[in-house]
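# Chain and residue survey
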Amino acid sequence: QVQLVESGGGLVQAGGSLRLSCAFSGRTFSGYSISWFRQAPGKERDFVAAVSWSDTNTYYADSVKGRFTISRDNSKNTVYLQMNSLKPEDTAVYYCTASPQRASRVVAGIPPEYWGQGTQVTVSS
């Protein structure tokens, strides 16, 4: 069974940066694409970013493109989401997810199979 544990959330002022980490365990890490989703209060859960099995392909929501960077370290079974130039509208619970599907299929709407418990990111204005 895949387990995902997020860390790195917190409170930051607008314009600041945070780096989220997602520790993966339970299966062969390189066999899964990893994505981040987020859910703001009263809103639906939205796709944020995804990285392929091999780290050669990355995908971003338009709202975070140019500000967020997703990467993975297969030697550490960890995925990172570097978030720069944060805005109050980035405030949400951020979820790490894993899927045996290609990252492009997750971006296209195939729900990931495994989800972490989430980490809160709050951006103050």
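Residues numbered from 1 in each chain as written. Predicted model: local features only at pLDDT ≥ 70, side-chain atom pairs only at ≥ 80, totals over all residues. Heavy atoms only, no water.

## Here's the deal with the state of the cysteines
Put simply, the test is: Note on terminology: disulfide denotes any pair of cysteine sulfur atoms within 2.5 Å. The helix and strand labels rest on DSSP assignments: H or I over at least four residues marks a helix, E over at least two residues marks a strand, and numbering proceeds from the N terminus.
By the definition in use, this model includes 1 disulfide. The residue that forms a disulfide with C22 is C96, at a sulfur-sulfur distance of 2.0 Å. In this structure, the disulfide formed by C22 and C96 twists by about -80° around the S-S bond and is classed as left-handed. Placement of the pair is C22 in strand 3 (residues 18–25) and C96 in strand 9 (residues 92–99), with a sequence separation of 74 residues.

## Observations regarding the sheet that holds strand 1 (residues 3–7)
Put simply, the rule reads: Pairing between two strands is assigned when DSSP locates at least 2 bridges connecting them. Axis definition: a line fitted to C-alpha atoms, over the contacting stretch in the case of helices. Angles run 0 to 180 degrees between N-to-C directions.
As summarised here, the arrangement of the 4 strands in space is 1-3-8-7, forming an open sheet in which the pairing is antiparallel. The open sheet has two edge strands, strand 1 and strand 7 (68–73), and neither has a second partner. Strand-to-strand twist of the sheet, defined as the mean angle between neighbouring strand axes without regard to direction, takes the value 15°. In terms of strand pairing, strand 7 meets strand 8 (residues 78–83) through 6 bridges, oriented antiparallel. Bridge pairing links D73 to T78 in strand 8.

## A word on the pattern of salt bridges
Note the following rule: Any carboxyl oxygen of Asp or Glu within 4 Å of a side-chain nitrogen of Lys or Arg constitutes a salt bridge here. Per-residue accessibility, obtained with a 1.4 Å probe over protein chains only, is compared with the maximum for each type, and a residue is labelled buried under 20%, exposed over 50%, and partly exposed between these values.
One pass over the full model with this rule turns up 3 salt bridges. Of the charged contacts, one joins R38 and D90 as a salt bridge, the two residues approaching to 2.9 Å between their closest N and O atoms. Within this pair, whereas R38 is found in strand 4 (residues 33–39), its partner D90 is found in the loop between strand 8 and strand 9, the two being separated by 52 residues in sequence. Residue classification places R38 among the buried residues on the basis of a relative accessible area of 11%. The partner of D62 in a salt bridge is K65, with the nearest N and O atoms 3.2 Å apart. Assessed through its relative accessible area of 68%, D62 is described here as exposed.

## Here we look at the packing of aromatic side chains
Condition: Note on aromatic contacts: the rings of Phe and Tyr and the six-membered ring of Trp form a pair at centre separations within 6.5 Å, being stacked when their planes are under 30 degrees apart, edge-to-face when over 60 apart, and tilted otherwise. Only Lys NZ and Arg CZ are tested; either one counts as a charge over a ring when it is within 6 Å of the ring centre and within 35 degrees of the ring normal.
Counting across every chain of the model gives 6 aromatic pairs. Note on Y32 and Y114: the rings are 6.2 Å apart at their centroids and 65° apart in plane angle, and the pair reads as edge-to-face. Residue Y32 is located in the loop between strand 3 and strand 4, and its partner Y114 is located in strand 10 (residues 114–115); the two are separated by 82 residues in the primary sequence. Above the plane of the ring of W115 lies R45, whose end atom (NZ or CZ) is 4.7 Å from the centre. Geometry around F29 places R72 over its ring, the cationic atom sitting 4.2 Å from the centre.

## Some words on the nonpolar core
The line we're drawing: Definition of nonpolar core: a set of buried residues of the types Ala, Val, Leu, Ile, Met, Phe, Trp, Tyr and Cys, connected through side-chain atoms within 4.5 Å. Contact criterion: two residues are considered in contact whenever any of their non-hydrogen atoms come within 4.5 Å of each other.
Counting 36 residues, the largest nonpolar core has I34, W36, L81, M83 and Y94 as the members making the most contacts within it. Within the residue set of this core, elements represented by two or more residues are strand 3, strand 4, strand 5 (45–51), strand 7, strand 8, strand 9, helix 1 (103–107) and strand 11 (119–124). No other element matches the 5 residues that strand 5 contributes to this core. Apart from residues no more than four positions distant in its own chain, Y94 is found in contact with E6, L20, W36, F37, R38, V48, F68, L81, M83, G118, T119 and V121.

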